[in-house]
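Notes for the structure review
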2 protein chains.
Amino acid sequence: MSGRAHPDVNPVTDGGDLPIKSSPHRHKVGVPPKQNMFHDFMYTFKETFFHDDPLRHFKDQPKSKKFMLGLQSVFPVFDWGRNYNLKKFRGDLIAGLTIASLCIPQDIGYAKLANLDPKYDSSFVPPLVYACMGSSRDIAIGPVAVVSLLLGTLLRAEVDPNTNPDEYLRLAFTATFFAGVTEAALGFFRLGFLIDFLSHAAVVGFMGGAAITIALQQLKGFLGIKKFTKKTDIIAVLDSVFSAAHHGVRILLLFLDSYIVKNVSLNHINMAMQWNWQTILIGASFLTFLLTSKFIGKKSKKLFWIPAVAPLISVIISTFFVYITRADKQGVQIVKHLDKGINPSSFHQIYFSGHYLAKGIRIGVVAGMVALTEAVAIGRTFAAMKDYQIDGNKEMVALGVMNVVGSMSSCYVATGSFSRSAVNFMAGCQTAVSNIIMSIVVLLTLLFLTPLFKYTPNAILAAIIINAVIPLIDIQAAILIFKVDKLDFVACMGAFFGVIFASVEIGLLIAVSISFAKILLQVTRPRTAVLGNIPRTSVYRNIQQYPEATMVPGVLTIRVDSAIYFSNSNYVRERIQRWLLEEEEKVKAASLPRIQFLIIEMSPVTDIDTSGIHALEDLYKSLQKRDIQLILANPGPLVIGKLHLSHFADMLGYDHIFLTVADAVEACGPKLSDEV
Amino acid sequence: MSGRAHPDVNPVTDGGDLPIKSSPHRHKVGVPPKQNMFHDFMYTFKETFFHDDPLRHFKDQPKSKKFMLGLQSVFPVFDWGRNYNLKKFRGDLIAGLTIASLCIPQDIGYAKLANLDPKYDSSFVPPLVYACMGSSRDIAIGPVAVVSLLLGTLLRAEVDPNTNPDEYLRLAFTATFFAGVTEAALGFFRLGFLIDFLSHAAVVGFMGGAAITIALQQLKGFLGIKKFTKKTDIIAVLDSVFSAAHHGVRILLLFLDSYIVKNVSLNHINMAMQWNWQTILIGASFLTFLLTSKFIGKKSKKLFWIPAVAPLISVIISTFFVYITRADKQGVQIVKHLDKGINPSSFHQIYFSGHYLAKGIRIGVVAGMVALTEAVAIGRTFAAMKDYQIDGNKEMVALGVMNVVGSMSSCYVATGSFSRSAVNFMAGCQTAVSNIIMSIVVLLTLLFLTPLFKYTPNAILAAIIINAVIPLIDIQAAILIFKVDKLDFVACMGAFFGVIFASVEIGLLIAVSISFAKILLQVTRPRTAVLGNIPRTSVYRNIQQYPEATMVPGVLTIRVDSAIYFSNSNYVRERIQRWLLEEEEKVKAASLPRIQFLIIEMSPVTDIDTSGIHALEDLYKSLQKRDIQLILANPGPLVIGKLHLSHFADMLGYDHIFLTVADAVEACGPKLSDEV
């Protein structure tokens with residue numbers, strides 16, 4: 001079949017180096033020496049779970065040093081703590097105070113999203129734990145909007161927070177506990193890569209949808225509506241908003257109609273209308289203030305502190321204003337009552353048995369995963385900015401322990417907060433000490449200052465939350481996704497519309513499903529390409545990308561762009577046969593010499609399994625019947641090793657396996673000229 | 001940074017061909033012309049769902065021809081039927097008679113596996129439907145052992161066939177109906193690739209385990225045990241077998257002890273012992289006969305008919321023997337009663353509402369998928385042998401319709417049977433007419449011959465089933481899997497032990513889970529390799545495979561062996577950084593020039609998404625801080641297009657993107673020599 005003689009010596013089958021008859025012109029494809037089976041397995045295992053080689057520093061160290069390194073590894077505070085100095089503390093102090101001023105009003109609002117009393121504040125205990133165990137220098141810890149909303153939605157599906165507040169609270173702590181356990185377990189068992197399965201596109205869509213949902217929820221506080229839907233989808237919310245308005249407008253018309261009726265005061269109208277103009281006025285002015293301060297902060301990086309302190313300033317001014325004017329008597333809703341005191345122990349409130357246990361676990365796993373996704377994304381972003389490495393798995397253990405401890409001290413799920421971390425970063429934080437500062441400020445606030453929030457209008461909290469979630473709607477990212485990959489954009493929009501038209505869970509489910517579907521698509525339908533020779537080189541490239549590349553008559557070269565596994569082996573075989581069929585039709589139409597050689601460029605085929613080998617065998621047999629010789633070019637080490645073990649390489653003949661496509665084409669030459 | 005000047009003209013951003021300043025020496029990387037978005041989407045869609053281009057034949061045909069082609073496409077019988085002739089019929093007749101003789105005793109046994117009465121025979125209606133709609137010429141249709149067992153196990157978990165035979169039967173028909181719907185839907189929506197997700201290794205393990213489970217179940221009939229466990233795991237079954245024996249042995253000892261006691265006859269002992277020696281004798285002799293005939297058939301391909309007719313001969317001889325000797329009075333269990341007549345309509349028995357509907361759907365989906373896996377594997381095997389193509393999706397529609405029709409005519413799930421198809425193939429079948437012949441013979445048997453099976457001993461059926469499932473234990477395949485891929489072998493053994501120690505469902509679950517885990521592993525942990533120059537060539541290859549390859553001082557070349565997607569982008573970035581770190585340590589130790597260039601060989605990177613681009617950006621920034629220049633070699637059409645759209649290519653500079661590694665290294669040259 002081939003232009004070259006068969007080698008006289010058959011390859012030995014003991015797995016050692018193969019005594020292939022070497023040609024003076026070309027290099028042979030190397031069969032790597034047989035690996036020890038244990039070594040092979042350990043390599044795969046290591047690359048899967050320990051690819052970052054976490055024990056690298058422990059090598060060749062005395063025992064005492066190893067202990068110290070181990071301690072530092074679990075509690076990085078022992079590592080950076082030794083080099084801590086006053087200069088660093090200055091940076092951390094400023095950053096800590098800044099984020100504390102940002103976090104206090106946010107926390108009250110986020111607790112409401114989770115249908116919890118603001119006294120269950122997650123900005124005191126969790127940041128302390130994280131400061132000792134976390135490896136990121138920039139993350140600021142606390143509750144975040146999306147997780148609070150998700151937790152609130154999932155919990156309310158199980159227990160009504162109004163009729164059963166105690167059970168609701170207990171389930172919230174249970175979910176927080178298991179969210180922490182999930183996070184810590186993923187880190188401990190080095191399964192952190194699982195969160196990579198949420199694609200960037202799906203996360204962008206999900207976050208955008210969640211931000212809009214959260215903003216819509218704030219319309220209740222923002223417009224001062226009393227009766228509001230419990231659902232989170234946009235239709236139910238807008239229906240609530242406009243039916244409240246409609247009701248008011250009707251009374252207003254009635255009022256105008258019968259102007260003479262003295263006992264209908266403007267105040268009555270206001271009550272009936274449900275939209276409260278004083279509330280709207282307060283909310284709108286402060287939202288404008290917040291947005292303006294954010295705009296200023298963006299324009300000049302030095303003024304980053306303006307948007308950071310704006311929420312606290314808004315709270316102080318508006319609270320003072322309401323207290324002076326007693327606007328609460330005009331229907332402006334206020335926070336009213338906040339318990340004073342630090343978080344009590346809540347260990348005894350966690351369900352460790354009963355039918356709420358399973359529910360708590362389910363909710364905790366979902367909330368924990370979403371919280372992780374956010375924290376890890378933030379950690380990576382800031383680590384890339386300052387060029388240091390964070391250990392994803394260690395980070396997860398820290399976040400997990402933090403939530404477990406939090407669940408025992410009346411906190412709900414906390415994680416890395418993007419807005420807070422950005423402020424922390426810009427305020428010049430040096431280490432996790434800024435989290436400790438924030439935590440102390442929160443503690444002092446809880447102990448002494450909570451009564452001052454009595455007259456804070458709810459509208460301000462709504463405005464602060466709306467302001468906080470707006471950056472989550474990342475239109476730039478969505479446009480980039482649209483440009484780069486249409487399928488990704490479908491995933492992004494699927495998650496987005498899932499959240500706003502159905503619910504947070506449905507949106508999350510869509511995001512995860514589409515992400516998985518994309519992975520499956522990727523592994524079942526690998527790309528293949530027909531290659532041509534780029535003129536005046538020995539390089540063969542995709543003829544679609546390089547239209548100047550020319551095909552050698554009588555030879556069809558196809559590159560398979562993926563490992564050949566069970567999930568795609570049939571597709572790859574069928575696709576190659578279809579390329580051949582199409583090419584044969586073209587050749588026939590143009591009366592060119594018939595195709596005698598099919599070269600498969602195997603460079604991208606990094607691995608093959610038994611299904612893949614069967615597919616190659618089937619292809620080889622089918623080609624043989626049509627008198628076409630199959631040739632492989634540049635199989636990788638794993639592939640040639642397996643082709644050798646399975647005897648397919650013997651069947652094909654080692655003289656039909658070449659190092660490069662150019663070598664293979666050259667070898668086809670003599671035979672082709674014979675026939676012409 | 002680089003040795004070459006920046007191009008004067010910046011690439012235009014309208015997506016057209018890029019006016020890159022061309023070097024006289026080297027070819028530039030082509031940015032493919034911007035694809036129409038719709039075209040792009042349609043291409044992906046087509047490759048995913050219509051990669052086999054099923055409408056190819058319809059192109060440029062008149063309408064009447066299109067109608068005929070459409071009809072032929074749904075009912076291939078109209079295609080091959082027109083060229084049917086007497087010679088083909090001769091082949092089909094012989095093959096049909098041979099498989100009929102094989103199927104009749106098998107069917108009775110398999111129905112027992114599914115806890116159904118043998119009159120619910122699936123070898124009459126389904127083969128007729130398949131003959132009209134199927135595209136394989138060699139598949140023989142009927143019930144198969146594994147699906148019968150799976151169906152029986154799943155059904156019994158819901159309804160007890162002894163106490164509620166009617167409900168059990170109705171649920172069986174419901175499951176069959178939805179198995180058919182599942183199969184047809186997968187084919188119709190072109191989701192056939194989903195069954196490719198069961199890896200070959202998992203299937204080998206699952207089938208082997210199922211075969212052993214089925215053989216163990218046959219010990220009841222084979223040993224003549226009356227009380228037998230309902231479980232399928234090996235421990236429960238062996239416990240049943242030996243406790244029956246133990247009980248007998250105790251009575252036997254008692255008997256020997258008190259030999260004088262006249263009223264304890266050998267017969268009584270036999271009853272007590274539960275193992276019936278006459279039964280064992282009959283079973284063992286005929287099993288030997290069957291195995292011998294199989295051995296003869298394997299030795300000489302011309303004698304293939306001996307193992308094919310051996311079961312029927314065994315049934316006839318043993319039935320006659322029992323009838324003559326009235327061995328049934330000695331405790332040899334016989335079939336006793338078989339209803340005469342053809343399959344009645346069972347449409348009204350299918351549950352279309354009520355709580356059994358959901359159960360029926362669940363069982364149907366599982367059984368349907370497993371049945372499909374077997375049928376498609378068989379179809380592919382024989383198609384590859386005779387070198388014709390079968391259309392997987394069309395095949396699924398045919399199998400699905402066949403089971404839907406079957407469920408309405410008192411049949412349970414049928415599929416392509418391996419043993420029967422092999423006999424069909426060897427008996428020289430030409431078309432699906434052999435299935436019709438078999439179906440007619442089964443019909444005649446049902447109508448007239450069933451009473452003759454009254455005295456057939458159950459032991460013979462057990463022997464026939466044991467003989468039929470033995471080939472499913474494919475030790476050769478397991479050895480090959482062990483050699484080729486250790487992880488695959490773990491999957492294989494997981495499925496195998498799951499089936500034999502737990503249950504068929506658990507085994508199936510393990511098989512599917514491991515298959516999926518392997519896919520996930522594959523996409524999260526792609527391989528990377530450090531490349532070196534093969535002496536006297538411009539070829540760069542993995543230095544592990546080609547130890548003679550040498551690295552260029554000051555340059556590190558890394559090949560990424562997979563598309564860079566969200567699922568692996570972080571890993572790829574971290575892994576590249578780790579390669580760099582390791583290399584830098586080596587370089588430092590050997591006092592070689594420091595690494596100034598990091599070349600990423602992108603040939604195998606077939607695609608990239610926004611997460612991947614972010615990872616490259618992060619890598620670029622981090623390298624810049626260390627004064628290392630990032631260079632890309634040979635990005636494919638999709639990748640360069642996306643890098644261009646996302647402006648990463650601008651950030652990196654088009655003069656840092658090369659066609660080959662050799663070009664890139666050459667370009668690094670001047671800069672490197674500057675420093676040395």
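In this text the structure is predicted, and so the values were computed from the model without any measurement. (Residues numbered from 1 in each chain as written. Chains lettered and ligands numbered in written order. Predicted model: local features only at pLDDT ≥ 70, side-chain atom pairs only at ≥ 80, totals over all residues.)

Here we look at the overall build of chain A
Inclusion rule: Secondary structure is summarised from DSSP: a helix means a run of H or I of at least four residues, a strand means a run of E of at least two, and numbering begins at the N terminus for each. Comment: burial labels come from other C-beta atoms within 10 Å of the residue's own C-beta, placed from the backbone, where a count of 20 or more is buried, 12 or fewer is exposed, and between is partly exposed. Contact definition: two residues whose C-beta atoms, as placed from backbone geometry, lie within 7 Å.
Summing up its helical and strand segments, chain A has 26 helices and 8 strands in all. Relative to its 676 residues, chain A shows a buried fraction of 52%. Counting contacts in chain A only where the partners sit at least 6 residues apart, residues at least 24 apart contribute 81% of the total.

Examining the interface of chain A and chain B
Test applied: Gly counts as polar in this scheme, as do all residues outside two lists: the nonpolar Ala, Val, Leu, Ile, Met, Phe, Trp, Tyr, Cys and Pro, and the charged Asp, Glu, Lys and Arg.
With 70 residues of chain A at the contact, the number on the chain B side is 70 residues. Elements with a minimum of two residues in the side of chain A that touches chain B: helix H1 (37-49), helix H8 (200-217), helix H19 (475-484), helix H20 (486-502), helix H21 (504-524), helix H22 (569-589), helix H23 (610-625) and helix H24 (637-645) of chain A. Tallied by class, the residues present in the side of chain A that touches chain B amount to 25 nonpolar, 24 polar and 21 charged.

Re the packing of helix H14 (residues 355-386) of chain B against helix H15 (residues 392-407) of chain B
Working note: a packed helix pair is described by the angle between its axes plus the distance between those axes. Residue and element names in this part refer to chain B. Where we set the bar: Note on definitions: angles span 0 to 180 degrees between N-to-C directions of axes, and those axes are lines fitted to C-alpha atoms, for helices only across the stretch in contact. What sets the label is the angle itself: under 35 degrees gives roughly parallel, over 145 gives roughly antiparallel, 65 to 115 gives roughly perpendicular, and the rest give oblique. Take the far helix as your reference; a near helix turned counterclockwise from it by less than a right angle gives a left-handed crossing, and one turned clockwise gives a right-handed crossing.
Following both chains from N to C, one finds H14 and H15 inclined at 130°, their axes separated by 11 Å at the closest point. With respect to H15, the element H14 is oriented oblique. Once H14 is placed against H15, the crossing between them reads as right-handed. Here Leu372, Ala375, Val376 and Gly379 of H14 lie close against H15, whose contacting residues are Gly392, Glu395, Met396 and Leu399. Across the contact of H14 with H15, the residue classes tally to 5 nonpolar, 2 polar and 1 charged.

Some points on the domain arrangement of chain A
For an interface, size is often stated in terms of accessible area lost upon the parts coming together. Keep this limit in mind: The source of the domain bounds is an automatic or database domain assignment.
We note that the domain assignment places domain 1 (86-224 + 276-519) and domain 2 (525-675) within chain A. Taking the mean C-alpha position of each, domain 1 of chain A and domain 2 of chain A sit 54 Å from one another.

Remarks on the pairing of strand E3 (residues 528-533) of chain B
Residue and element names in this part refer to chain B. Counted only if it meets this: Between any two strands, pairing holds if DSSP finds at least two bridges.
Within E3, 5 of the 6 residues are buried, which leaves it mostly tucked inside the rest of the structure. Examined bridge by bridge, E3 and strand E5 (residues 555-560) share 3 bridges and lie antiparallel to one another. Each bridged residue has a counterpart across the sheet, and for Ala529 the counterpart in E5 is Arg559. Taken together, the 3 bridges between E3 and strand E4 (residues 540-542) define a ladder with antiparallel strand orientation. Pairing of Asn533 across the sheet is with Tyr540, part of E4. Between the end of E3 and the start of E4, which pair antiparallel, lie 6 residues, with Arg536 showing a positive phi angle near 65°.

Thoughts on the sheet that holds E4(B)
Adjacent strands of a sheet pair through backbone hydrogen bonds, lying either parallel or antiparallel. Residues and elements named next belong to chain B. Strand order in this open sheet of 6 strands is E4-E3-E5-E6-E7-E8, and the pairing throughout is mixed. Edge positions in the sheet fall to E4 and strand E8 (657-658), since each has one partner strand and no second. Helix H22 (residues 569-589) rests against E3, E5 and strand E6 (597-601) of the sheet, and its axis sits at about 150° to E5.

Focus on the confidence of the model for chain A
All names here are of chain A. The following threshold applies: The pLDDT score gives, residue by residue, the confidence of the prediction method on a 0 to 100 scale.
Residues at a pLDDT of 70 or more form 88% of chain A, whose mean pLDDT is 82. Mean pLDDT across the elements of chain A bottoms out in helix H11 (residues 266-273) (51) and peaks in strand E6 (residues 597-601) (94). Every residue in residues 1-25 is under pLDDT 50, and counting partners more than four places away or in other chains gives 38 contacts. Scored as a whole, the predicted complex attains pTM 0.75, and scored at its interfaces, ipTM 0.77.

With respect to unusual backbone geometry
Residue and element names in this part refer to chain B. Positive phi outside glycine occurs at Ser591, with the angle close to 50°. By the element assignment, Ser591 lies in the loop between H22 and E6. At Asp627, a residue that is not glycine, the phi angle is positive and equals roughly 60°. Here Asp627 lies in the loop between helix H23 (610-625) and strand E7 (629-633). Classification of Asp627 by C-beta neighbours within 10 Å gives exposed; the count is 10.

A closer look at the nonpolar core
Defined as follows: For this entry, the nonpolar core is defined as buried Ala, Val, Leu, Ile, Met, Phe, Trp, Tyr and Cys residues connected by C-beta atoms within 7 Å.
Counting residues in each nonpolar core, the largest one holds 144 residues, and the members touching the most others are Leu151(B) and Ala367(B). Broken down by element, the residue count for this core peaks at 12 residues, all from helix H7 (residues 165-188) of chain B. Core analysis: the next-biggest nonpolar cluster, separate from the first, contains 143 residues, Tyr110(A), Val125(A), Val146(A) and Leu171(A) among them.

Considering the environment of Ser434(A)
All names here are of chain A. Residue placement: Ser434 occurs in helix H17 (residues 433-449). On the basis of neighbour count, Ser434 is assigned to the buried category, with 34 C-beta atoms found within 10 Å. Put simply, Ser434 and Ala284 are 150 residues apart on the chain and 32 Å apart in space, counted from C-alpha to C-alpha. In this structure Ser434 touches Asp92, Ala95, Gly96, Ile99, Ala140, Asn424 and Cys429, once residues within four positions along its chain are discounted.

Here we look at the relation of the copies chain A and chain B
Operational definition: Here the copies were fitted onto each other by least squares, based on C-alpha atoms from residues at pLDDT of at least 70 in both.
The transformation that overlays chain A on chain B combines an axial shift of 0.0 Å with a rotation of 180°, and the residual RMSD is 0.1 Å. Read as a symmetry element, the transformation amounts to a two-fold axis. When C-alpha positions in chain A are compared against the rotation axis, the closest is assigned to Pro604(A), at 2.2 Å. Taken as a fraction of all interface residues of chain A, those also at the interface in chain B reach 100%, which identifies the copy contact as same-surface.

Structural notes on the sheet that holds strand E4 (residues 540-542) of chain A
Residues and elements named next belong to chain A. The strand order E4-E3-E5-E6-E7-E8 describes an open sheet built from 6 strands, whose pairing is mixed. Each edge of the open sheet is held by one strand with a lone partner, namely E4 and strand E8 (657-658). In this structure, strand E5 (residues 555-560) lies alongside E6, joined through 5 bridges in parallel fashion. Directly across from Ile558, in E6, lies its bridge partner Ile600. Taken strand by strand, H22 contacts strand E3 (528-533), E5 and E6, and its axis lies near 150° from that of E5.

Examining the UniProt feature "domain: STAS" (unreviewed entry) in chain A
Using the following cut-off: UniProt positions are given in the numbering used here, feature names are shortened, and annotations may be inferred rather than shown by experiment.
The feature "domain: STAS" (unreviewed entry), as given by UniProt, occupies residues 545-668 of chain A in the numbering adopted here. Across residues 545-668 of chain A, the secondary structure splits into 48% helix and 15% strand, with the terminal C-alpha atoms separated by 25 Å.

Description of the packing of helix H5 (residues 125-133) of chain A against helix H15 (residues 392-407) of chain A
Residue and element names in this part refer to chain A. The geometry of H5 relative to H15 is characterised by a closest axis approach of 9 Å and an angle of 150° between their N-to-C directions. In this structure, H5 meets H15 at a crossing whose hand is right-handed. Residue-level inspection shows Val125, Pro126, Val129, Tyr130 and Met133 of H5 in contact with H15, the latter providing Ala398, Val401, Met402, Asn403, Val405 and Gly406. For the contact of H5 with H15, the class distribution of residues is 9 nonpolar, 2 polar and no charged.

As for the pairing of E6(A)
Residue and element names in this part refer to chain A. Note the cut-off: A clockwise course of the path from the first strand over the helix to the second, judged with the strands pointing away from the viewer, identifies a crossover as right-handed.
The buried fraction of E6 is high, at 5 of 5 residues. Following the chain from E5 across H22 to the adjacent parallel E6, one finds a crossover that is right-handed. For the segment spanning E6, H23 and strand E7 (residues 629-633), crossover handedness is right-handed.

Focus: the environment of Thr232(B)
Residue and element names in this part refer to chain B. Locating Thr232 in the fold gives a position in the loop between helix H9 (219-223) and helix H10 (234-257). Residue Thr232 is classed as buried on the basis of its C-beta count, with 24 C-beta atoms lying within 10 Å. The spacing of Thr232 and Ser136 is 96 residues in sequence and 34 Å in space, taken between C-alpha atoms. Leave out the neighbours within four places in its chain, and Thr232 touches Thr153, Thr213, Gln217, Ser503 and Val504.

Details of H19(A)
Every α-helix carries 3.6 residues per turn, so stepping three or four residues along brings you back to the same face. Our working rule: It is the directions from the helix axis to the C-beta atoms that the arc portrays.
Within H19(A), the full set of buried residues consists of Leu480(A), Ile481(A) and Val484(A). In a view along the axis of H19(A), the buried residues occupy a sector of 100°, so they form one face of it. Facing away from the buried surface of H19(A) by more than 90 degrees, the exposed residues are Ile475(A) and Ile479(A). Looking at the buried side of H19(A), the elements it contacts are H8 and H20 of chain A together with H23 and helix H24 (637-645) of chain B.

Brief notes about the environment of Ser567(A)
Residue and element names in this part refer to chain A. When you line up the elements, Ser567 lands in the loop between E5 and H22. According to the C-beta neighbour criterion, Ser567 is buried, with 29 such atoms within 10 Å. Sequence separation between Ser567 and Ser611 is 44 residues; the distance between their C-alpha atoms is 8.5 Å.

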